[in-house]
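# Descriptive analysis of the structure
Residue strings, one per chain:
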Amino acid sequence: MHLHKYEKIWLMFGVGSLVVFLLVIGIGAFYKGTHPQSQMTTIDPQNVEANEAFKQENLGLTKVDENKYILNVVASAFNYDLGVDEEGAQVKSIRVPKGSTVLFHVTSKDVVHGFELAGTNVNMMVEPGYVSSYETVMEKPGEYTLVCNEYCGTGHHLMYATVEVYE
């Protein structure tokens, strides 16, 4: 079988691109230790309240140590449930001090949702039946919007909250 000069060039380009791609994936997976953020922690999506972290009284921001917080969130039908305040109103804004380490624990009751804290490195896919976790240090003061970046239905644009990092 005889290959034309240009066919050989394109074949070498394709094989070379494949080798480079596999090298990048291999370095990221094995040398850098890249892995899915949730480590496959499972939960019953029909009964998330059975999990201690997602009981109504444990939702929202909890201080666990000096400059260390846990934020438990349940995503469902166009709402991030961050718990309720003293008057019983839904919390839509939380505040953390600058330099704090925040561990985000998020799950979904119904469909796939996104969990992106715009302007930071927090970005997760939240799937029913799984707990997504991500830990980060909130270095820059400011107000950040928590948005759903996975289309979840007609009220998708109403799914947001606010995280304020203060000095």
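Counting starts from 1 at the beginning of each chain's written sequence and moves along it residue by residue. Side-chain atom pairs in this predicted model are given and counted only at pLDDT of 80 or more, local residue features only at pLDDT of at least 70, and totals for whole chains, interfaces and linings cover all residues. Note: side-chain values were computed over all heavy atoms of the structure, leaving out hydrogens and water.

## Re the domain arrangement of the protein chain
Put simply, the test is: Where each domain starts and ends follows an automatic or database-derived domain assignment.
The domains assigned to the protein chain are domain 1 (1-35) and domain 2 (48-166). For domain 1 versus domain 2, the distance between C-alpha centres works out to 39 Å.

## A short note on the pairing of strand β2 (residues 60-65)
Here is the rule: The rule for pairing is simple: two strands pair if DSSP sees at least two bridges between them. The way it works is that DSSP assigns letters per residue, a run of H or I at least four long becomes a helix, a run of E at least two long becomes a strand, and they are numbered from the N terminus.
Pairing geometry for β2 and strand β3 (residues 68-76), over 5 bridges, is antiparallel. Each residue of the ladder has a partner; that of glycine 60, found in β3, is asparagine 72.

## Concerning the sheet that holds strand β8 (residues 123-126)
So the rule is basically this: Only C-alpha atoms enter the line fits that serve as axes; for helices the fit covers just the stretch in contact. Angles between N-to-C directions range over 0 to 180 degrees.
Ordered by their spatial adjacency, 5 strands build an open sheet running β5-β11-β10-β7-β8, and the pairing between neighbours is mixed. Edge strands, defined here as strands with exactly one partner in the open sheet, are β5 (93-97) and β8. Ignoring which end each strand starts from, the neighbouring axes of this sheet average 20° apart. When β5 meets strand β11 (residues 160-166), the two strands line up parallel, connected through 5 bridges. Pairing of proline 97 across the sheet is with tyrosine 166, part of β11.

## Quick notes on empty space enclosed by the protein
Here is the rule we go by: Method remark: on a 1 Å grid restricted to protein atoms, a set of points is classed as a cavity if a 1.4 Å probe fits but cannot get out and as a pocket if it is open with protein on both sides within 12 Å along at least five of seven lines; lining residues have an atom within 4 Å of a point. Grid points are joined across faces, edges and corners, and a volume is the space filled by probe spheres set on the points. Residues are grouped as follows: nonpolar covers Ala, Val, Leu, Ile, Met, Phe, Trp, Tyr, Cys and Pro; charged covers Asp, Glu, Lys and Arg; every other residue, Gly included, is treated as polar.
This structure, assessed with the given rule, holds 1 cavity of 30 Å³ or more. Tallied by class, the residues present in the lining of the largest cavity amount to 4 nonpolar, 1 polar and 4 charged.

## What about the pairing of strand β7 (residues 113-117)?
Heads up, the condition is: The buried label applies to any residue whose accessible area, calculated with a 1.4 Å probe on protein chains only, is under 20% of its type's maximum; exposed applies above 50%, and partly exposed to all values in between.
Within β7, 4 of the 5 residues are buried, which leaves the element mostly enclosed by the surrounding structure. Bridge count for β7 against β8 is 4 bridges, and the pairing is antiparallel. Following the sheet pairing, histidine 113 is matched in β8 by valine 126. Connecting the antiparallel pair β7 and β8 is a turn made up of 5 residues, with glycine 119 showing a positive phi of about 95°. Across 2 bridges, the pairing between β7 and strand β10 (residues 142-147) is antiparallel. If you follow leucine 117 over to β10, its bridge partner there is leucine 146.

## Details of the packing of aromatic side chains
For the record, the criterion: Aromatic rings from Phe, Tyr and Trp, taking only the six-membered ring of Trp, are treated as a pair when their centres fall within 6.5 Å; an angle between ring planes under 30 degrees marks them as stacked, one over 60 as edge-to-face, and anything in between as tilted.
For the coordinates displayed, the defined rule picks out 3 aromatic pairs. Taking 5.6 Å as the distance between ring centres and 90° as the angle between the ring planes, the aromatic pair formed by tryptophan 10 and phenylalanine 13 counts as edge-to-face. One end of the pair, tryptophan 10, and the other, phenylalanine 13, are both in helix α1 (residues 5-31), 3 residues apart, so they sit about a helical turn from each other. Judged by relative accessible area, which is 61%, tryptophan 10 ranks as exposed. A relative accessible area of 52% means that phenylalanine 13 is categorised as exposed. Plain terms: the ring middles of tyrosine 80 and phenylalanine 115 are 5.6 Å apart, the flat faces sit at 85° to each other, and that makes the pair edge-to-face. Within this pair, whereas tyrosine 80 is found in strand β4 (residues 79-81), its partner phenylalanine 115 is found in strand β7, the two being separated by 35 residues in sequence. The same class applies to tyrosine 80 as to phenylalanine 115, namely buried.

## Topic: the state of the cysteines
Linking two cysteines covalently through their sulfur atoms gives a disulfide. Quick note on the threshold: Throughout, a disulfide means two cysteine sulfur atoms within 2.5 Å of one another.
Overall, the coordinates contain 0 disulfides when judged by the stated rule. Cysteine 152 provides the cysteine sulfur closest to cysteine 148, a residue in no disulfide bond, and the two sulfurs are 3.9 Å apart. Overall, cysteine 148 belongs to the buried group, its relative accessible area being 6%. Using a relative accessible area of 13% as the deciding quantity, one classes cysteine 152 as buried.

## Structural notes on the environment of glutamate 135
Threshold: Two residues qualify as a contact provided that any one of their heavy atoms is within 4.5 Å of a heavy atom in the partner residue. Each polar contact in these results corresponds to two N or O atoms within 3.5 Å; when the atoms are within protein, one needs to be able to donate a hydrogen and the other to accept it, and residues that are neighboring in sequence are counted only if both atoms are side-chain atoms.
Counting through the fold element by element, glutamate 135 comes out in strand β9 (residues 130-138). Linking glutamate 135 and isoleucine 70, residues 65 residues apart in sequence, is a C-alpha distance of 8.8 Å. Excluding residues that lie within four positions of it along the chain, glutamate 135 makes contacts with Lys68, Thr101, Val102 and Leu103. A distance of 3.5 Å separates polar atoms of two side chains, one belonging to glutamate 135 and the other to lysine 68.

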